[in-house]
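Architecture and fold: a report
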Amino acid sequence: MSKNQGGKSNPLLAAERADRNRKILIQVAVAAVLVALIAAIGIGIAVKKARNDDPGPTPAITATGTANAGGVPGSLTDNGAVRIGKPDAKVTVRVVADLQCPACKAFEAANGQVLEDAVTNGTAVVEYNIIAFLDKASTTRYSTRAANAAYCVAEADPSKYQAWLKTMFAQQPPEGGAGLPDDQLVQIAKSAGYTDDAVAQCITDHKFDKYIQARTKDVLESGIQSTPSVFVNGKKVASSQEIFGTGGLAPAINAAAGR
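Heads up: these notes are all about the structure in this document. (Residues numbered from 1 in each chain as written. Predicted model: local features only at pLDDT ≥ 70, side-chain atom pairs only at ≥ 80, totals over all residues. Heavy atoms only, no water.)

1. As for the pattern of salt bridges
This is how it is decided: Whenever a carboxyl oxygen of Asp or Glu lies within 4 Å of a side-chain nitrogen of Lys or Arg, that contact is scored as a salt bridge. Counting from the N terminus, the helices are the DSSP runs of H or I reaching at least four residues and the strands are the DSSP runs of E reaching at least two.
In total, this model carries 9 salt bridges according to the counting rule given. The partner of Asp209 in a salt bridge is Arg141, with the nearest N and O atoms 2.9 Å apart. With a gap of 68 residues between them, Asp209 in helix α7 (residues 209–221) and Arg141 in the loop between β4 (124–130) and α3 (142–156) connect regions that are remote in the sequence. Close ionic contact of Arg145 with Asp182 constitutes a salt bridge, the shortest N to O distance being 2.7 Å. Of this pair, Arg145 sits in helix α3 while Asp182 sits in helix α5 (residues 182–191); the two residues are 37 residues apart in sequence, bridging distant segments of the chain. Taken together, the shared-partner salt bridges connect Asp135, Arg141 and Asp209 into one network.

2. Comments concerning the pairing of strand β3 (residues 91–97)
Condition: We call a residue buried when its accessible area falls under 20% of the maximum for its residue type, exposed when it is over 50%, and partly exposed in between, using a 1.4 Å probe and counting protein chains only. Two strands are counted as paired when DSSP detects at least two bridges linking them. Seen with its strands pointing away from the viewer, a crossover is right-handed if its path from the first strand over the helix to the second goes clockwise.
A large share of β3 lies buried, amounting to 6 of its 7 residues. As defined by bridge partners, β3 adjoins β4 across 7 bridges and the pair is classed as parallel. Note that in β4 the partner of Ala97 across the bridge is Ile130. Following the chain from β3 across helix α2 (residues 102–120) to the adjacent parallel β4, one finds a crossover that is right-handed. Relative to strand β5 (residues 229–232), β3 runs antiparallel, the two being bridged by 4 bridges. The residue of β5 that forms the bridge with Val95 is Val230.

3. Describing the state of the cysteines
Heads up, the condition is: We call a pair of cysteine sulfur atoms a disulfide when they lie within 2.5 Å.
A full pass over the atoms with the stated rule returns 1 disulfide. Paired through a disulfide, Cys152 and Cys202 show a sulfur-sulfur distance of 2.0 Å. Between Cys152 and Cys202, the S-S dihedral sits near -80°, and the bridge is therefore left-handed. Here Cys202 lies in helix α6 (residues 197–205) and Cys152 lies in helix α3, a separation of 50 residues in the sequence. For the pair shown, Cys152 and Cys202 are each scored as buried.

4. A word on empty space enclosed by the protein
Let me state the cut-off plainly: Cavities and pockets are defined on a 1 Å grid built over the protein atoms alone: a cavity is a set of grid points where a 1.4 Å probe fits but cannot escape, while a pocket is an open set with protein on both sides within 12 Å along at least five of seven lines, and lining residues are those with an atom within 4 Å of any such point. Grid points are joined across faces, edges and corners, and a volume is the space filled by probe spheres set on the points. Three categories are distinguished: nonpolar for Ala, Val, Leu, Ile, Met, Phe, Trp, Tyr, Cys and Pro, charged for Asp, Glu, Lys and Arg, and polar for the others, with Gly belonging to the last.
Considering all chains together, one arrives at 1 cavity of 30 Å³ or more under this definition. Estimated volume of the largest cavity: approximately 50 Å³. As for the largest cavity, its lining consists of Val95, Ala97, Cys104, Phe107, Glu108, Tyr128, Ile130, Leu165, Phe169 and Pro228. Breaking the lining of the largest cavity down by element, the ones donating at least two residues are β3, α2, β4 and α4 (161–170). Element by element, the count of residues in the lining of the largest cavity is highest for α2, at 3 residues. Tallied by class, residues from the lining of the largest cavity come to 9 nonpolar, no polar and 1 charged.

What follows is the structure, given as structure tokens:
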């Protein structure tokens, strides 16, 4: 019975009913919070996965194009290297480098001209694997920003790429500092002949940031342990004299070409 003899509500039953309603409301509220929390976690995981799965734009480096007046073919390898040289060259030289790496600067000073000459005379194609694992050596992620510039200029015109690379290493900032600002990277590109505004925008927009992170991860996971790592026809060059001696890589290239 819900009422006593006087027709009034039973206070005990009313209290039980109110308590039961409160419990139901609490359960509903808790369930709603749990559903919202699970949904938020799911959305967070999905967003994170989407970011990880998004490789960003891929550099469009091709052998032809109106900008490539120098006639030096260029392309992009599967591991993200900028490939410079004639397709019928007998020798392939692969250089894995970070533009913040002092040892890479020393290699360029010793053998940059050797590689330019090998490309020009058709002896070799050079695959420049510019990676970015030294962001910690600057306060502005210089390695990544410089690697991004490498793809920006290669995409515009491979024929000027090696000259640009020489200038970049010549102006390499010291480790531990801020690195070169983007506007200076734009000026270096312009000094190497990359005057198109699209190149400047590519550099300042950090267009290939995600692509660089993905390719750097791939290269490091492939077993590369230091930079520069240099390979001639797939064989790693281990001699310090060949890597850091002036013109030291020329005998290895000539030998691989059968000279």
